[in-house]
Structure formats: structure tokens, C-alpha cells
Amino acid sequence: MTIEQAALYVRRRERMMESMGQGSVGVWMSPPVRVRNHDVDYLYRQTSDILYLSGCAEPEAVLVLCPERPEGERSVLFVRPRDVDREIWFGRRLGPERAREHYGVDVAYSVEELDKKLPDLLGEAERLFLRTGLEPEQDRRALEWLEQVKRKRRLGVVTPSQIVDPSRITDEMRLYKDDVELAWMRKAASINMAAHKAAMAAAKPGMHEYELAALLHYSFERQGCTGTAYQSIVGGGENATILHYTENQDPLRDGELVLIDAGCEWNYYASDITRTFPVNGRFTSMQRDVYQIVLEALDAAIAVCKPGALMQDVHQAALRCLTQGLISLKVLEGDLEKLLSSRAYETFYMHRTSHWLGLDVHDAGGYYDAQGNHRVLQPGMVLTVEPGLYFHSYHDVQSAEPFRGIGIRIEDNILITPEGHENLTLQTPRTIEQVEVACGG
Ligand code: GLY
Ligand code: MN
Ligand code: MN
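Only a predicted model underlies this, so the values are computations on that prediction, with no experimental measurement involved.

(A) The overall build of the protein chain, seen in detail. In terms of helices and strands, the protein chain carries 13 helices and 19 strands. A globule of 441 residues ought to have a C-alpha radius of gyration of about 22 Å, and the protein chain, at 25 Å, matches this closely. For the protein chain, the C-alpha atoms occupy an extent of roughly 80 × 50 × 40 Å along the three principal directions. Taking all 441 residues of the protein chain together, 53% fall into the buried category. Residue pairs in contact within the protein chain that sit at least 24 positions apart in sequence constitute 71% of those at least 6 positions apart. Counting only carbon and sulfur atoms, one obtains 49% of the accessible surface of the protein chain, whose full area is about 20,600 Å². Here the protein chain contributes 49 positively and 65 negatively charged side chains, and the mean placements of these two sets differ by 3 Å.

(B) Local environment of empty space enclosed by the protein. According to the stated counting rule, one finds one cavity of 30 Å³ or more in the structure shown. The space that makes up the largest cavity amounts to roughly 50 Å³. Around the largest cavity, the lining residues are Phe348, Phe391, His392, His395, Val397, Ala400, Glu401 and Arg404. Residues that form the lining of the largest cavity fall into these classes: four nonpolar, two polar and two charged.

(C) Spatial organisation of a nonpolar patch on the surface. Side chains of Val84, Ile88, Trp89 and Phe90 sit close together on the surface and give an oily, nonpolar patch of about 570 Å² of accessible area. Considering the arrangement of structural elements, one finds Ile88 in helix α3 (residues 84-90).

(D) Local environment of helix α7 (residues 167-175). Turning to α7, its buried residues number three or more, namely Ser167, Ile169, Thr170, Met173, Arg174 and Leu175. Check the buried side of α7 and you find it contacts α1 (3-20), α2 (48-54), β7 (127-130) and β15 (382-385).

(E) Up close: the coordination of the manganese ion (ligand 2). Every protein donor of the manganese ion (ligand 2) is listed here as Asp261 (OD), Asp261 (OD), Asp272 (OD) and Glu411 (OE), and their distances to the metal cover 2.0 to 2.5 Å. Around the manganese ion (ligand 2), the six donor atoms are arranged such that angles at the metal cover 56 to 171°; this shape is classified as irregular. Mapping the donors of the manganese ion (ligand 2) onto the primary sequence gives the spacing D-x10-D-x138-E. Here the manganese ion (ligand 2) and the manganese ion (ligand 3) are spaced 3.2 Å apart, and both take Asp272 as a donor. You can see Asp261 sitting in strand β11 (residues 257-262) and its partner Glu411 sitting in the loop between β17 (407-409) and β18 (412-416), a full 150 residues away along the chain. Judged on exposure class, the residue Asp261 and its partner Glu411 are both buried.

(F) Main features of the coordination of the manganese ion (ligand 3). Around the manganese ion (ligand 3), the protein contributes the donor atoms Asp272 (OD), His355 (NE2), Glu386 (OE) and Glu411 (OE), which lie 2.0 to 2.2 Å from the metal centre. Relative to the metal, the six donor atoms surrounding the manganese ion (ligand 3) lie at angles of 50 to 155°, and the coordination shape comes out irregular. We note that the donor set of the manganese ion (ligand 3) lies within a single chain, spaced as D-x82-H-x30-E-x24-E.

(G) Broad picture of the environment of Pro32. Mapped onto the elements of the fold, Pro32 is located in the loop between β1 (24-29) and β2 (35-37). The spatial distance from the C-alpha of Pro32 to the C-alpha of Thr384 is 30 Å, given a sequence separation of 352 residues. Other than its neighbours up to four places away in sequence, Pro32 contacts Tyr44, Glu135 and Gln138.

(H) Inspection of the packing of aromatic side chains at higher detail. For the structure on display, the rule yields six aromatic pairs. Ring centres of Phe283 and Tyr291 lie 4.9 Å apart, and the angle between their planes is 55°; this geometry places the pair in the tilted category. By the ring-pair criterion, three or more aromatic residues cluster together here, those being Phe348, Phe391 and Phe403. The lysine or arginine in question, Arg12, covers the ring of Tyr52, its NZ or CZ lying 4.3 Å from the ring centre. A cation over an aromatic ring shows up here: Lys187 above the ring of Trp266, its NZ or CZ 4.9 Å from the ring centre.

(I) Geometry of the pattern of salt bridges. Counted under the stated rule, the structure contains 31 salt bridges. A salt bridge links Glu14 to Arg74; the nearest nitrogen and oxygen atoms lie 2.7 Å apart. Here Glu14, found in helix α1, pairs with Arg74, found in the loop between β4 (62-65) and β5 (75-79); they are 60 residues apart in sequence, far enough to count as distant. For Glu14, a relative accessible area of 33% gives the class partly exposed. Ionic pairing is found between Arg343 and Glu346, a salt bridge with its closest N-O pair at 3.4 Å. Classification of Arg343 as partly exposed rests on a relative accessible area of 49%. Overall, the relative accessible area of 38% leaves Glu346 in the partly exposed class. Here the salt bridges share partners, and the residues they tie into one network are Asp49, Arg174, Lys177, Asp360 and Asp363.

Scoring rules and cut-offs
- Residues numbered from 1 in each chain as written.
- Chains lettered and ligands numbered in written order.
- Predicted model: local features only at pLDDT ≥ 70, side-chain atom pairs only at ≥ 80, totals over all residues.
- Heavy atoms only, no water.
- Helix = DSSP H or I, 4+ residues; strand = E, 2+ residues; numbered from the N terminus.
- Rg over C-alpha atoms; globule rule 2.2 N^0.38 Å.
- Buried < 20%, exposed > 50% of the residue type's maximum accessible area, 1.4 Å probe, protein only.
- Contact = heavy atoms within 4.5 Å.
- Areas by Shrake-Rupley, 256 points an atom, 1.4 Å probe, with all protein chains shown as cover.
- Lys, Arg positive; Asp, Glu negative; His and termini not counted.
- Charge placed at Lys NZ, Arg CZ, Asp CG, Glu CD.
- 1 Å grid on protein atoms, 1.4 Å probe; cavity = no way out; pocket = protein on both sides within 12 Å on 5 of 7 lines; lining within 4 Å.
- Points joined across faces, edges and corners; volume = space filled by probe spheres on them.
- Nonpolar A, V, L, I, M, F, W, Y, C, P; charged D, E, K, R; others polar.
- Patch = residues over 30% accessible without salt bridge, like charges linked within 9 Å, V, L, I, M, F, W, Y side chains within 5 Å.
- Salt bridge = Lys/Arg side-chain N within 4 Å of Asp/Glu carboxyl O.
- Donors = N, O, S within 2.8 Å, 3.2 Å for Na, K, Ca; no water.
- Tetrahedral: all angles 85-135°; square planar, octahedral: opposite > 155°, others 65-115°.
- Phe/Tyr/Trp six-rings, centres within 6.5 Å; stacked < 30°, edge-to-face > 60°.
- Lys NZ or Arg CZ within 6 Å of the ring centre and 35° of its normal.

What follows is the structure, encoded as C-alpha cells:
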């Protein structure tokens, strides 16, 4: 970690402590390493709030923030101790001695001292900021620390009487991306755009969905990505109508479309692109008609993205275009406004148009503000725009019969700027012509 990056985390922790207020202590525990089988573990992913507040990706780390304590003792990080045997078998550890400087925290201890130190750190606060309900073992341990400090109450020691969810604060902070986060998201977007282009260029009839998935993952890993932001979706033909299709086992057939929804993480920041393109490189006229509707919905929804607009407005713009398109395809019949209010589109478009994007693919941050109003878009927010149309075999709608088996989604990642927006994924082929060129069709 560079000195500038460490300073950034110091600033975030300062802001966090300011929001927590005096009389508070905050504790963030890393998710446990999970066993896959025998002595093989699942790939580890640090929880995003710890990454956001410290940059520490190590398992077993615990971050404690104590705004009440004197300068130089307010941020405490517990990490795994150095251990020659464990390091020979499982990899290097930073250890508490080096962690202090590396992460720019005030104090670092071995995590083996957690049960000894935590009751003391808690015993100076009235409020404990702690996310509960995710890991029963962590909840139990925290209650035990609280029980230990409660015993000191009779001696006049102030002890926490409230547990408060810290994600109310971190969610709000994470909603507004700073310059470093945006640089990392731009990098993730650029690697992901190249990966999607490579998949378009490689696809041909007879290949399998997993071959395109492998190509995407190769593109991500050869650039040093920290991982994939979610399970990649490569759905040929009717598989594209399954929103979270991840089997990726089927052959890609001549004349069909393939939908790829995939994204890498750069420094744990996600990218989330969807493109749908013809396996043989040329859209049929029916595929073109449906694709053009989804593309127009994407453009109309993105055009709404600017400071002051509501995320709900973005969704409404997409719904209007998609519904109008379904009328033009003669799938729906009737008055546009009535079809919108009766949600007639839901059979063919059953998901929302946007979600926040950041450390998590479905990133932290409420879709409503504290008063329950739809969230107003502000500079620094990053959201996806991802309209689609899906003609399932599960549906038995006569008017949709000609389109049965077609699934099309197009997804871009949009940063709200003071002037309007910046499309972080604009360079991924998106018009019919660009897609056909990229496919070599
Ligand atoms: N790939 C997950 C999503 O688009 O929401
Ligand atoms: Mn996606
Ligand atoms: Mn998405």
C-alpha cells in the first residue's frame, strides 16, 4: 500500500469516527474462512466495509475504532501473528509489527489477543457499533465481551448499553465514490470491456458457453484482477432468458444469440457489463428488432442519469421504452399509459433497471433516503443501467410466440458527474453495427 493510499484510509476512518460520535466504539470482524472440503477452503473475500475502512484483505482481521480514546490510540487493527510453520504451509503474513505502518492504523495487535484486549476497548463507550446477525459465532463472542465489561459497571465503569448497526454510516459513505475508488472502477471497467470484446471476437457456432466464460476469466486474470465480481453468466439461446444462469455448459448454436453478463474486480472494485450478440456474428431481422428496443431503453435510461434525477426516473424511462417496444412488436396491445400502470411489461421485464456499483456488485447504499423518498442521484454515485427483454418458454403468451427463446440484456456502468454522467463502459460494442463488427460478422 502506498503512503497516499494509507492516508486515504486514515481519512475514511476519521470520517467514520466523526459520524459515530463520542461515547462510541466500532468493531468490524472479517468473515470466517469457510471449508470447502477437508483441508481446502473456499476462495477468501474480505468483507467490503473492512476493505473500505482499512484496505486489509487478510482473513481473521478485526478493526476497532475508538473515537473516545486519545490521539494515536483510536484505530486498532488485530491481524494474524507471524508464524513460520503456518507461513511455510499457507503463505506469508504481515503480522502486527508491520501491519501498523502498512495500514496506517494507530495500533496493531495479534488477533490472538482479541479476547483479552476487546473488553478493555469496549469498556469506555456507551454505544457499540457492530453489525450483528451475519455470523452467529461472532455475535456470541461479542456478547461475551460485553458481558465481561458489564461486570465492571458496579465499579463505575461506563459500558455499552446499545448496539448500533455501523452499516447505516458506511453504506452512506460508500455511495459516494472518491477519486481513488473511481480510478479503480475505471480500471475494472476497461479490463472488462476488453474481455467482452474478446468474447465477441471468439464466439462461433459449435463453441460452448464455458469456452467464452474461460476466455473472460483469462482476460481478467492475466491483468491481475482481484477476482470476478460475481458468477459469470454466459447464456446461449433460451438460456439467456434465465436472469442468473450460471451453469455455462451448453453449446452455442448457429442463428442464436448469446448473453454475457460478467465482471471483474480491480482492487476489489466491481465492474458489471452485459452484452448480447449473435453467435454467428449476424443478427436476424427479428433479433435486430428486439435488440434495438433494448438499446433504445438503455440510451433513454442513461440520458436521465444526472444530479437531481431519481433512480426511479431511470427505471421509468426504461419501462416506457420497453413497453412501447412490446407494443410495436405486437406482443402487447393497448394504451401505453394503461399498460405501464398495469405493469403489463412484467412478463417480459421482471427486474429493476439499476443497482449501485462499487466494492460489491450490488453495492451498499439505500434506494430510499432516510425519509423514505426515492434516492436523488448525486455526483460520485455509480449505478448500473441494465434493461432487457426475456421471452421465456415458461410464458404461454400467444402474442409473444414468435420471440420465444430470445433473451436480450444490455448493461452499462454509469458515474454521476456534476455535469450529468460518464458511461464507464461506453467502449463496449453496443449498437447493432458495432456488435456485428466486433463479432467479425
Ligand atoms: N450481474 C449481476 C447484475 O447485473 O445485477
Ligand atoms: Mn450484470
Ligand atoms: Mn448489474
